[in-house]
Amino acid sequence: QCDLFVTHAWQEGIFEFVDKVLHSWPPDTRHAWCCMLANPQNLCISELIATPRDSPFALALDSATTMLVVPNHHSSIYTRLW
């Protein structure tokens, strides 16, 4: 279970990402989920996403009470289509 679902555009470096997440962290939030930290980035994740509704991404999104959209200095995150 997570309190905070963190989404980003994969266009920022880790230092920019962490700075913005810490600066925007909602009060009383304890647990966050972010795909780049939760999913194995160098392995085949086809089994994890075989059933999208049961994927870690969907389960975290469903359990989160708050979503944090992390901007970056390259472009608007809202121009990215997943």
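Attention in this report is confined to the structure presented alongside it. All figures in this text were calculated on a predicted structure; none of them were measured in a lab. (Residues numbered from 1 in each chain as written. Predicted model: local features only at pLDDT ≥ 70, side-chain atom pairs only at ≥ 80, totals over all residues. Heavy atoms only, no water.)

Turning our attention to the sheet that holds strand β1 (residues 4-7). Spatially, the three strands line up as an open sheet ordered β2-β1-β3, and their pairing is parallel. In this open sheet, the two strands that pair with only one neighbour each are β2 (32-34) and β3 (66-69). When the angles between neighbouring strand axes are averaged without regard to direction, this sheet yields 25 degrees. (Pairing = 2+ DSSP bridges. Helix = DSSP H or I, 4+ residues; strand = E, 2+ residues; numbered from the N terminus. Axes fitted to C-alpha atoms, helices over the stretch in contact; angles between N-to-C directions.)

The next thing to look at is the side chain of E16. Positionally, E16 belongs in helix α1 (residues 14-24). Ignoring any residue separated from it by four or fewer positions in sequence, one finds E16 in contact with P71, N72 and H73. (Contact = heavy atoms within 4.5 Å.)

Right, let's get into the state of the cysteines. Applying the stated criterion across every chain, the model contains zero disulfides. Of the cysteine sulfurs around C2, a residue in no disulfide, the closest is that of C34, at 11 Å. Left unpaired, C44 is separated from the closest cysteine sulfur, that of C35, by 16 Å. (Disulfide = S-S within 2.5 Å.)

Within soluble globular proteins, side chains that are nonpolar generally end up buried alongside one another. Counting eight residues, the largest nonpolar core is built from L4, V6, F17, V21, C34, M36, L68 and V70. For this core, the elements supplying multiple residues, two or more each, are β1 and α1. When near neighbours in sequence (up to four residues on either side) are disregarded, V21 contacts V6, L68 and V70. (Core = buried A, V, L, I, M, F, W, Y, C linked by side-chain atoms within 4.5 Å. Buried < 20%, exposed > 50% of the residue type's maximum accessible area, 1.4 Å probe, protein only.)

With that out of the way, let us pick up the packing of aromatic side chains. Inspection of every chain in the model, using the stated rule, returns three aromatic pairs. An angle of 15 degrees between the planes, with centres 5.2 Å apart, marks the rings of F5 and W33 as stacked. Of this pair, F5 sits in strand β1 while W33 sits in strand β2, and the two are 28 residues apart along the sequence. Residue F5 shares its accessibility class with W33, and that shared class is buried. Measuring from ring centre to ring centre gives 5.1 Å for F5 and F57, while their planes differ by 90 degrees; the resulting arrangement is edge-to-face. Here F5, found in strand β1, pairs with F57, found in helix α3 (residues 56-63); they are 52 residues apart in sequence, far enough to count as distant. With relative accessibility at 39%, the residue F57 sits in the partly exposed group. Pairwise contacts between aromatic rings join F5, W33 and F57 into one cluster. (Phe/Tyr/Trp six-rings, centres within 6.5 Å; stacked < 30°, edge-to-face > 60°.)

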